[in-house]
Amino acid sequence: MAGVDRRTVLKGLGGVAGLGVSGFLLTRFDTPDQKQDPTQRMAKDVSASDRSLVFSNWPEYIDEDDGDYVSTLTQFEKETGISVRYTADVNDNNEFFAKVKNQLGSGTSSKRDLFALTDWMAARMIQVGWIQKLDAAKVPNLHANIIDSLKSPEWDPGRDYSAPWQSGLTGIAYNKSKVGEIKSFQELLTRKDLKGRISLLTEMRDTMGFLVMIGGGDPENFTDAEWQDAVELLKKTRRDGQVRSFSGNEYVQDLASGNILACEAWSGDIANSGDENLVWIPPEEGIMIWADNMLVPNLATHQDNAETWINYYYEPEVAAKLAAYNSYICPVKGAQEAMQDVDPEQVENELIFPTEATLSKTHRFMALDEATMRTYEGDYADVTGA
């Protein structure tokens, strides 16, 4: 996908679905403030008198009006009377955190009613008390329609604070016009015809999940020894000259141009590339999975409007229309049936509606305590140069 991607350049702090955080230390957030009680950080909700909403999301993550095509956002505004200031200013989880940490950390408003962050950052913000609890009665579609695989992450088991916007898979992509079929991550790291012509992701959890799998470990439950074996494998792969770069979404352009022949890649990026030569495949070792989540920050002044938005996007027809645009995993039950009326060619698209067989091959990255997380991030940065 052209432009800055919603999953771009996370500087070795990547996120995958299901990550929880234990042993949380505020020093990692670079703020002296203590853990907050979100019930003591509630602003007066002016939704009834001010029919507006401020939402920060990742770039190129929502459909847009085009000729006779009416976007889901425009539909929402017309049907609800709520005007939306939609800003694509979440280019990176850490970068966005830096934008709001001083306000949220000191107990002042971020000037936003809703933003979308990847699981690991959503978990951290919820745990530190910077996110407001959703009113379940105002988001009935969320609880009725969220797909089972996203329903109960360990960091928000009741989806009391978060609602997935979209989810996705991490696997392998290659340019079929320039290289033969690739089936495994092991091949990506060792095939001689790929030497110096592959890229891996800067997201530590995605990349190292695969390295752990190659060593026979489980990304959701591995030992320090298995981690060190994975790090050594990554070091060897880099010493051998196999890896051209560690990248964010720029791999799409490099893959299309032939600067690289194959890479670690996010499913939706390849689906949205518009290049029939680019192929995304689930590696034989398994697949990493993640989600980006809508959150209402402390002191949001339009929470009711934000909950109306969340509830609206959990209507199957709306969810299908959005999914047809961005080709990421749709989090809404019933959207596959609704897709028949939106775009029949997408009904069986496994990148949007993965089968249970596909989901059974997915892995989330193990929850890390703060000290271990800093150690692992340091190990990864030492290899990648991030």
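Because the structure is a prediction, the values reported are computed rather than measured. (Residues numbered from 1 in each chain as written. Predicted model: local features only at pLDDT ≥ 70, side-chain atom pairs only at ≥ 80, totals over all residues. Heavy atoms only, no water.)

Draft legend 1. Region of interest: the pairing of strand E6 (residues 198-201). Side chains of E6 alternate between two faces, with Ile-198 and Leu-200 and Ser-199 and Leu-201 buried alike. Pairing geometry for E6 and strand E8 (residues 262-266), over 2 bridges, is parallel. Of the residues in E8, the one forming a bridge with Ser-199 is Cys-263. (Buried < 20%, exposed > 50% of the residue type's maximum accessible area, 1.4 Å probe, protein only. Helix = DSSP H or I, 4+ residues; strand = E, 2+ residues; numbered from the N terminus. Pairing = 2+ DSSP bridges.)

Draft legend 2. Broad picture of helix H2 (residues 93-105). At Lys-99, H2 is bent by approximately 40°, the largest bend along its length. When H2 is considered as a whole, its buried residues turn out to be Asn-93, Phe-96, Phe-97, Val-100, Lys-101, Leu-104 and Gly-105. Once H2 finishes, Gly-107 follows within two positions and takes phi at roughly 80°, a positive value. (Bend = angle between axes of the 7 residues up to and from the residue.)

Draft legend 3. Just the packing of helix H11 (residues 316-326) against helix H12 (residues 335-342), in detail. As a packed pair, H11 and H12 sit with axes 8 Å apart at the nearest point and diverge in direction by 65°. In this view, H11 runs roughly perpendicular relative to H12, as classed from their interaxial angle. Seen from above, H11 lies across H12 with right-handed handedness. Taken together, the residues of H12 that come into contact with H11 (itself represented by Pro-316, Glu-317, Ala-319, Ala-320, Lys-321, Ala-323 and Ala-324) are Ala-335, Ala-338, Met-339 and Val-342. In terms of residue class, the contact of H11 with H12 is built from 9 nonpolar, no polar and 2 charged. (Axes fitted to C-alpha atoms, helices over the stretch in contact; angles between N-to-C directions. Parallel < 35°, antiparallel > 145°, perpendicular 65-115°, else oblique. Left-handed = near helix turned anticlockwise from the far one by under 90°. Contact = heavy atoms within 4.5 Å. Nonpolar A, V, L, I, M, F, W, Y, C, P; charged D, E, K, R; others polar.)

Draft legend 4. Seen up close, the packing of H2 against helix H3 (residues 119-128). Packing of H2 against H3 brings their axes to within 10 Å, and their N-to-C directions diverge by 30°. Considering the angle they form, H2 stands roughly parallel to H3. Once H2 is placed against H3, the crossing between them reads as right-handed. From H2, Asn-93, Asn-94, Phe-97 and Val-100 reach across to H3, where they touch Trp-120, Met-121 and Met-125. Looking at the contact of H2 with H3, its residues break down into 5 nonpolar, 2 polar and no charged.

Draft legend 5. Quick look at the confidence of the model for the protein chain. Residues at a pLDDT of 70 or more form 90% of the protein chain, whose mean pLDDT is 89. Across residues 1-33, confidence stays below pLDDT 50; counting only partners more than four residues off in sequence or on other chains, it has 153 contacts. (pLDDT = per-residue confidence, 0-100.)

Draft legend 6. Inspection of the packing of aromatic side chains at higher detail. For the structure shown, the criterion picks out 21 aromatic pairs. An angle of 70° between the planes, with centres 5.8 Å apart, marks the rings of Phe-55 and Trp-165 as edge-to-face. Placement of Phe-55 in strand E2 (residues 52-56) and of Trp-165 in strand E5 (residues 162-175) is noted, with a sequence separation of 110 residues between them. For Phe-55, a relative accessible area of 0% corresponds to the buried category. Owing to a relative accessible area of 2%, Trp-165 belongs among the buried residues under this scheme. Considering the side-chain rings of Trp-309 and Tyr-313, the 4.5 Å spacing of their centres and the 40° angle between planes classify their relative orientation as tilted. With Trp-309 and Tyr-313 both in helix H10 (residues 303-313) and 4 residues apart, this pair spans about one turn of that helix. The rings of Phe-55, Tyr-61, Phe-76, Tyr-86, Trp-165, Trp-290, Trp-309, Tyr-312, Tyr-313 and Tyr-328 are connected pair by pair, giving a single aromatic cluster. A cation sits over an aromatic face here: Arg-205 above Trp-120, 5.4 Å from the ring centre. (Phe/Tyr/Trp six-rings, centres within 6.5 Å; stacked < 30°, edge-to-face > 60°. Lys NZ or Arg CZ within 6 Å of the ring centre and 35° of its normal.)

Draft legend 7. Seen up close, the pattern of salt bridges. Within the structure shown, the criterion is met by 7 salt bridges. The closest approach of N and O atoms between Lys-138 and Asp-304, which form a salt bridge, is 2.9 Å. Placement of Lys-138 in the loop between H3 and helix H4 (140-145) and of Asp-304 in helix H10 is noted, with a sequence separation of 166 residues between them. Take Lys-138: its relative accessible area is 38%, and that puts it in the partly exposed class. Given the relative accessible area of 24%, Asp-304 is considered partly exposed. Across the salt bridge formed by Lys-236 and Asp-240, the nearest N and O atoms sit 2.7 Å from each other. (Salt bridge = Lys/Arg side-chain N within 4 Å of Asp/Glu carboxyl O.)

Draft legend 8. View of a negative patch on the surface. Judged by side-chain charge, Glu-60, Glu-64, Asp-65 and Asp-66 come together as a negatively charged surface patch. On the secondary structure map, Glu-60 appears in the loop between E2 and helix H1 (72-80). (Patch = residues over 30% accessible without salt bridge, like charges linked within 9 Å, V, L, I, M, F, W, Y side chains within 5 Å. Areas by Shrake-Rupley, 256 points an atom, 1.4 Å probe, with all protein chains shown as cover. Lys, Arg positive; Asp, Glu negative; His and termini not counted. Charge placed at Lys NZ, Arg CZ, Asp CG, Glu CD.)

Draft legend 9. Seen up close, the side chain of Asp-156. Within the secondary structure, Asp-156 is located in the loop between H4 and E5. Here Asp-156 is buried and forms no salt bridge, its nearest opposite-charge partner Arg-159 lying at an N-O distance of 4.8 Å. Other than its neighbours up to four places away in sequence, Asp-156 contacts Ile-126, Tyr-161 and Ser-162.

Draft legend 10. Focus on H3. H3 sits mainly inside the fold: 9 of its 10 residues count as buried. Inspection of H3 places Asp-119, Trp-120, Met-121, Ala-122, Ala-123, Arg-124, Met-125, Ile-126 and Val-128 among the buried residues, and these make up the whole buried set. Following H3 by one or two positions, Gly-129 has its phi on the positive side, about 90°.

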